[in-house]
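Letter by letter, the chains look like this.
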Amino acid sequence: MAATTAPHHAPQAGPGHRSRRIPAGWAAAGLGIALVGALTAAVSLGSVDLPPAEVWSVVARRLTGRPPLPGTRDLIVWQLRVPRALLAALVGAGLGLVGAAVQALVRNPLADPYLLGISSGASLGAVAVIVLGTTGGALAGLGISAAAFLGALGAFALVWAMARRGGGFSPLRLVLAGVGIGQFLAGFTSYLVLRAGDERQTRGVLFWLMGSLGGATWSGLAVPAAAVLLGLVALLARARGLNALLVGDETAASVGVPVARLRRELFVVTSVLTGVLVAVSGAIGFVGLMVPHVCRLLCGGDHRRLLPLSALTGAVLLVVVDTVARTALDTQELPIGVVTALIGAPALLYLLDRRLERS
Amino acid sequence: MRSRVLRGLAAAAALLATTACSTDGGGSGSGPAPEATGAGATAFPVKIADCTGHETAFAGPAARIVTSNGSALEMLLQLGAGDRVIGTGFPPGPGTLPPAIAAQGAKVPVLGETGIAREKLLGSGADTYVDAFGAMDLMGGAGDAPTEAEFTAAGIRHVFLLSTACAATAKGPRTDLAEVEQDIRRLGAVTGTSPKAAELVAAMDARTKAVGTALGGLPADRRPGYFFFDFDAGTKQPVALCNRQVGNAVMALAGARNVFADCDADFRPVGWEDVVARNPDWIQLAVRDRGSEAENTKAYDEAERFLREFPAIKGLAAVQQGHLLRIGSEVTTIAGTRNADTVRRIAAALHPELVGSGS
Amino acid sequence: MRIALEDLHVALAGRTVVAGVHLVAEKGEIAGLVGPNGSGKSSLLRTVYRHLAPRAGRVLLDGRDLVGYSPAESARHVAALPQERGGDFELTVGQVVELGRLPYQRAFAARSAADRAAVTAALARVGLLEHAHRPFAQLSGGERQRALLARALAQEPDVLVLDEPTNHLDVRHQVELLALLRAQGRTTLVALHDLNAAASVCDRLHVLHAGALVASGPPREVLTPELLATVFGVRAAVVDHPLTGDPLIAFDHRGPADRDPDPDPGPARGAAAVER
């Protein structure tokens with residue numbers, strides 16, 4: 001009934017990209033190329049110097065199904081570097097995805113995947129196994145990843161119970177519950193770290209807390225891959241609802257978005273995905289905060305584009321960062337969280353600064 | 001003979017370490033230097049110096065001793081001075097101490113599960129504090145260590161274990177147990193148990209020299225590559241045992257070549273890639289003592305299962321050939337008389353044709 | 001479409017804020033909701049656009065209970081312009097307006113031709129067609145409000161619900177927006193705090209006081225000096241507008257009305273009771 005004006009300019013009404021915005025299609029293509037480049041670099045570089053020709057002959061043999069070369073080269077390239085680069089891509093994609101979703105969930109662009117306390121639970125689980133596992137008890141024998149995921153579920157249950165007591169999963173309620181429970185669990189973690197038997201154990205714990213992709217194996221890629229893929233689909237299915245949440249709960253309700261249910265679903269999806277990611281890689285900071293932010297600045301806030309672009313950008317970023325972490329120092333591997341913060345914080349500040357100047 | 005040359009070198013190194021670390025020389029004139037290990041009781045006064053040149057004088061034997069960790073405690077127990085230890089930090093875990101002294105060790109009051117709190121230490125009533133940590137080494141949890149002035153005011157003489165406290169400042173790789181033996185002699189001197197110290201050191205010497213003789217100055221190319229797999233420091237990120245650590249000396253004396261001998265530190269987190277590239281011939285499944293035979297076996301099994309299942313590692317020759325040594329972490333890396341036994345066990349496994357497995 | 005509220009009760013955190021309201025807006029009629037702050041206007045409207053659920057009573061669309069509709073289904077009939085004004089999010093004007101098509105869209109489906117047409121028409125209707133690609137955050141207050149109205153229009157609703165749509169707008173933008181509303185010819189439920197605006201734009205007025213409906217009818221019948229004194233606590237005369245002939249309320253800004261329940265007309269309190 002409203003279509004009294006003939007839609008001559010129909011395309012204009014679509015999601016726009018004028019002057020400063022990069023078209024999403026171009027951005028996706030660029031990121032795709034960047035991801036291939038980053039993965040190539042990640043596989044070519046390492047603490048052990050191998051000529052690129054040898055690296056790629058190993059990969060080519062494997063990809064064409066020929067028998068692998070004997071010796072350690074195949075092990076280094078095919079069993080360590082390739083799965084690790086792929087895991088970096090998956091974890092980066094997942095963090096970018098969760099970051100975008102959480103920022104919409106609590107309607108705050110400064111939210112990150114760890115805001116809801118899930119990672120604190122995961123860290124507590126992992127650290128408990130590392131520290132207490134050696135002295136036996138019920139935790140011994142439980143893998144670190146499994147313990148981390150159980151910890152994530154425990155934190156999830158606590159935050160859920162706290163958030164629903166107010167009835168509505170409102171952003172404020174979620175953030176308060178998440179931050180409160182997160183700090184509470186982090187306190188336990190610190191206590192366990194202090195109780196760690198010796199320096200090496202403490203170092204192991206700290207490394208875990210700062211994030212590491214060192215445990216990557218081919219078989220270990222299945223779970224994070226499935227989680228990231230399902231998470232992407234689940235969030236994309238709700239992309240329009242996420243857009244509506246940006247404008248406000250009442251607006252969202254008025255266009256038929258079941259706001260409370262959507263928030264619950266988002267909370268579940270982001271929690272499970274965060275739990276899986278932290279379980280495989282530790283809590284890698286800054287990616288989930290920065291990546292959606294950058295994507296929003298460059299390509300706009302429409303979640304139908306923002307979610308896949310954040311996933312792609314996160315993948316590229318983490319592959320690059322992990323390569324730097326592995327190769328920056330000659331004899332030592334840096335915790336990846338250190339590098340994400342060192343690169344990420346200035347990049348974010350630069351972008352924010354540019355945005356403030358513009359407006 | 002080669003072994004004689006080696007022995008000479010070791011003696012020279014010991015002498016160097018002695019002069020470098022205890023700069024007292026014969027300065028006091030009246031008392032024999034602690035390294036004088038001749039028969040007879042210690043003559044007081046005794047002066048000993050730490051690796052920064054700071055001297056501490058003892059007019060008579062230490063009567064009330066606090067030790068900072070299990071390593072110092074173990075030495076004192078073996079010296080027969082255990083009844084004078086009135087407290088310890090970082091107490092040895094169950095089963096960590098050799099059976100002969102375990103019962104006595106268990107009776108020593110624990111002043112701190114980790115580092116001893118400042119006021120507890122100062123108010124302990126001790127006249128001597130044996131410190132295994134360097135002044136700058138705060139990783140052990142002793143963040144609030146008293147100052148030298150406070151030690152003096154409390155009437156506590158502050159004695160360092162050179163083998164651990166001075167590891168970080170050591171100038172070159174550690175290839176023998178001279179510092180460990182020197183620590184035993186120094187503790188013998190300040191507790192008036194020099195004859196026992198001499199006896200312990202002689203026993204260590206005898207064992208390592210027997211191995212040295214049997215190996216007959218093994219050339220570098222006949223020393224198999226050896227990787228100390230610190231299972232409890234985490235499996236995502238291997239921690240390399242580097243050339244400043246006591247364990248490096250243990251490996252060197254046992255006719256092994258530490259694959260991380262090029263790293264100038266005590267421990268350092270590296271990547272699995274580095275381990276694979278160094279392709280060790282032997283891997284020590286170094287787990288920390290779990291307190292019972294059954295638990296230890298379980299931990300060794302876990303460590304071995306990890307190596308046999310981690311794709312990049314299971315392809316290594318050491319794993320395929322089952323060159324996996326089940327030798328605990330403490331007896332290798334914690335300075336003490338048992339280092340010499342470990343030398344012998346490793347040598348017997350690596351060079352069965354040269355070193356008999358019997359005692 | 002006719003919308004009817006039957007014995008509507010709304011509670012917030014256990015406190016009843018709307019009690020037993022009966023109200024009808026006939027097809028094509030603009031029904032105005034007036035009343036002092038806290039009288040329950042917003043809560044009542046929120047129940048109509050299903051941000052709140054009624055505690056008792058029903059909202060009927062052409063005789064059918066709103067509760068029987070799915071959220072998307074009712075959003076195809078009822079569109080709203082809530083008081084929230086949207087903040088600093090990186091959506092373009094076109095993307096914001098397209099949110100109005102959400103009840104028509106399936107997950108993953110691309111925009112249909114009907115979606116594009118509705119969005120374009122809505123933008124044209126509010127005069128923002130040229131601004132479709134601008135970031136929403138860069139719009140002025142008046143433009144934002146028009147963009148949000150376009151979002152509601154893009155829903156192609158049978159009933160429009162607006163909560164204080166002229167708040168924070170300058171006079172010219174107020175006039176433009178209300179003119180736009182009148183031109184719609186749609187069943188409309190609008191809460192307004194500007195009584196003169198309400199008197200000239202609405203077909204019927206419904207006066208809420210402390211959660212209860214105290215008067216309903218054409219503006220001229222409802223807006224009496226007595227009602228203005230008892231409900232709003234102001235002294236006012238109702239005269240004819242010299243230009244339009246609509247009722248014009250001339251307030252006495254020097255002091256509130258003398259009321260029995262509140263006999264303390266200190267001059268210092270001035271016109272605060274009316275203004276906000």
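Keep in mind it's a predicted model, so treat the numbers as computed, not measured. (Residues numbered from 1 in each chain as written. Chains lettered and ligands numbered in written order. Predicted model: local features only at pLDDT ≥ 70, side-chain atom pairs only at ≥ 80, totals over all residues.)

## Side note on the overall build of chain C
Now for step 1: Counting secondary structure elements, chain C contains 10 helices and 12 strands.
Now for step 2: Along the three orthogonal principal directions, the C-alpha set of chain C runs to about 60 × 40 × 35 Å.
Now for step 3: Taking all 276 residues of chain C together, 47% fall into the buried category.
Now for step 4: Partitioning the intrachain contacts of chain C with sequence separation of at least 6 by distance along the chain shows that 65% fall at a separation of at least 24. (Helix = DSSP H or I, 4+ residues; strand = E, 2+ residues; numbered from the N terminus. Buried ≥ 20, exposed ≤ 12 C-beta atoms within 10 Å, placed from the backbone. Contact = placed C-beta atoms within 7 Å.)

## A closer look at the overall build of chain A
Now for step 1: The helix and strand inventory of chain A stands at 14 helices and 0 strands.
Now for step 2: In chain A, the succession of α and β elements from N to C terminus is α-α-α-α-α-α-α-α-α-α-α-α-α-α.
Now for step 3: Sorting the 359 residues of chain A into buried and exposed places 57% on the buried side.
Now for step 4: A separation of at least 24 residues holds for 76% of the contacts in chain A among residues at least 6 apart in sequence.

## Some points on the nonpolar core
It is characteristic of soluble globular proteins that their nonpolar side chains tend to be buried jointly.
Now for step 1: One finds A89(A) and V319(A) to be the most contacted residues of the largest nonpolar core, which totals 299 residues.
Now for step 2: When residues in this core are grouped by element, the largest group, 22 residues, is from helix 3 (residues 72–105) of chain A. (Core = buried A, V, L, I, M, F, W, Y, C linked by C-beta atoms within 7 Å.)

## Here's the deal with the pairing of strand 8 (residues 187–191) of chain C
Residues and elements named next belong to chain C.
Now for step 1: Across the 5 residues of strand 8, 5 count as buried, placing the element largely inside the fold.
Now for step 2: Of the pairings in the sheet, the one linking strand 3 (residues 30–34) to strand 8 comprises 4 bridges and is parallel in character. Counted as the bridge partner of A31 is L189 from strand 8.
Now for step 3: Two strands pair when backbone bridges link them, and strand 7 (residues 159–163) and strand 8 are joined in this way by 5 bridges, in the parallel orientation. Its bridge partner being in strand 8, L162 is matched across the sheet by V190. (Pairing = 2+ DSSP bridges.)

## Topic: the packing of helix 4 (residues 118–132) of chain A against helix 11 (residues 259–281) of chain A
A pair of packed helices is captured by two measures, namely the crossing angle of their axes and the spacing between those axes.
Residue and element names in this part refer to chain A.
Now for step 1: Where helix 4 contacts helix 11, the axes come no closer than 9 Å and their chain directions differ by 35 degrees. Helix 11 is crossed by helix 4, and the crossing has right-handed handedness. For the pair helix 4 and helix 11, the contacting residues are I118, S119 and A122 in the first and S271, T274, G275, V278 and A279 in the second.
Now for step 2: Classifying every residue of the contact of helix 4 with helix 11 gives 4 nonpolar, 4 polar and no charged. (Axes fitted to C-alpha atoms, helices over the stretch in contact; angles between N-to-C directions. Left-handed = near helix turned anticlockwise from the far one by under 90°. Nonpolar A, V, L, I, M, F, W, Y, C, P; charged D, E, K, R; others polar.)

## Observations concerning the sheet that holds strand 13 (residues 324–325) of chain B
All names here are of chain B.
Now for step 1: With parallel pairing, the 4 strands of this open sheet are ordered in space as 10-8-12-13. Looking at which strands have only one partner, the edges of the open sheet turn out to be strand 10 (257–258) and strand 13.
Now for step 2: Pairing of strand 8 (residues 225–230) with strand 12 (residues 282–286), which is carried by 5 bridges, proceeds in the parallel orientation. Opposite D230, over in strand 12, you have A286 as the bridge partner.

## Here we look at the pairing of strand 8 of chain B
Side-chain direction in a regular strand flips from residue to residue, so the side chains alternate between the two faces of the sheet.
All names here are of chain B.
Now for step 1: The element strand 8 is extensively covered by neighbouring structure, given that 5 of its 6 residues are classed as buried.
Now for step 2: Pairing between strand 8 and strand 10: 2 bridges, direction parallel. Note that in strand 10 the partner of Y226 across the bridge is N258.

## A few points about the interface of chain A and chain C
Now for step 1: Listed per partner, the contact involves 36 residues of chain A and 44 residues of chain C.
Now for step 2: Secondary structure elements with two or more residues in the side of chain A that touches chain C: helix 8 (222–237), helix 9 (239–247) and helix 10 (249–254) of chain A.
Now for step 3: Split into classes, the residues belonging to the side of chain A that touches chain C amount to 16 nonpolar, 14 polar and 6 charged.

## Let's talk about the interface of chain A and chain B
Now for step 1: If you look at the interface, chain A gives 31 residues, while chain B gives 32 residues.
Now for step 2: Where the side of chain A that touches chain B is concerned, the elements lending two or more residues are helix 3, helix 6 (171–195) and helix 7 (199–210) of chain A.
Now for step 3: With 8 residues, helix 7 of chain A is the largest single contributor of residues to the side of chain A that touches chain B.

## Concerning the packing of helix 8 of chain A against helix 13 (residues 303–327) of chain A
Residues and elements named next belong to chain A.
Now for step 1: One can describe the packing of helix 8 onto helix 13 by two numbers: an axis separation of 9 Å at closest approach and a directional angle of 165 degrees. Judged by the angle between their axes, helix 8 and helix 13 are roughly antiparallel. Between helix 8 and helix 13 lies a crossing whose hand is right-handed. Touching L232, L235 and L236 of helix 8 are R304, L307 and A311, all from helix 13.
Now for step 2: Residue composition of the contact of helix 8 with helix 13, by class: 5 nonpolar, no polar and 1 charged. (Parallel < 35°, antiparallel > 145°, perpendicular 65-115°, else oblique.)

## A short note on the domain arrangement of chain C
Residue and element names in this part refer to chain C.
Now for step 1: Segmentation of chain C into domains returns domain 1 (3–90 + 156–223) and domain 2 (224–276).
Now for step 2: Domain 1 and domain 2 are separated by 23 Å when their C-alpha centres are compared.
Now for step 3: Counting residues at the interface gives 15 residues for domain 1 and 12 residues for domain 2.
Now for step 4: Of all elements in the fold, only helix 7 (195–201), strand 9 (204–209), strand 10 (212–217) and helix 8 (219–222) reach the threshold of two or more residues within the side of domain 1 that touches domain 2.
Now for step 5: Broken down by element, the residue count for the side of domain 1 that touches domain 2 peaks at 4 residues, all from helix 7.
Now for step 6: In the side of domain 1 that touches domain 2, the residues fall into 9 nonpolar, 5 polar and 1 charged. (Domains from an automatic or database assignment.)

## With respect to helix 12 (residues 287–299) of chain A
All names here are of chain A.
Now for step 1: End to end, helix 12 covers 17 Å across 13 residues, agreeing with the expected 18 Å (1.5 Å per residue, within 8%).
Now for step 2: In terms of residue burial, helix 12 counts as a mostly covered element, since 12 of its 13 residues are buried.
Now for step 3: Turning to helix 12, its buried residues are V287, G288, L289, M290, V291, P292, H293, V294, C295, R296, L297 and C299.
Now for step 4: Positive phi shows up at G300, right after helix 12, with a value of about 95 degrees. (Expected span 1.5 Å × (residues − 1).)

## Some thoughts on the environment of Q320(B)
Now for step 1: Relative to the helices and strands, Q320(B) is located in helix 13 (residues 317–320).
Now for step 2: According to the C-beta neighbour criterion, Q320(B) is exposed, with 10 such atoms within 10 Å.

## Some thoughts on the confidence of the model for chain C
Now for step 1: When the pLDDT values of chain C are averaged, the result is 89; 93% of them are 70 or greater.
Now for step 2: ipTM for the predicted complex: 0.88, alongside a pTM of 0.81. (pLDDT = per-residue confidence, 0-100.)

## What to know about unusual backbone geometry
Residues and elements named next belong to chain C.
Now for step 1: Even without glycine at this site, E164 takes up a positive phi of about 50 degrees.
Now for step 2: Within the element layout of this structure, E164 appears in the loop between strand 7 and helix 6 (171–184).
Now for step 3: Residue classification places E164 among the partly exposed positions, given that 19 C-beta atoms sit within 10 Å.
Now for step 4: Here A210, not a glycine, exhibits a phi torsion of approximately 50 degrees, which is positive.
Now for step 5: Looking at the secondary structure, you find A210 in the loop between strand 9 and strand 10.
Now for step 6: Its 14 C-beta neighbours within 10 Å are what place A210 among the partly exposed residues.

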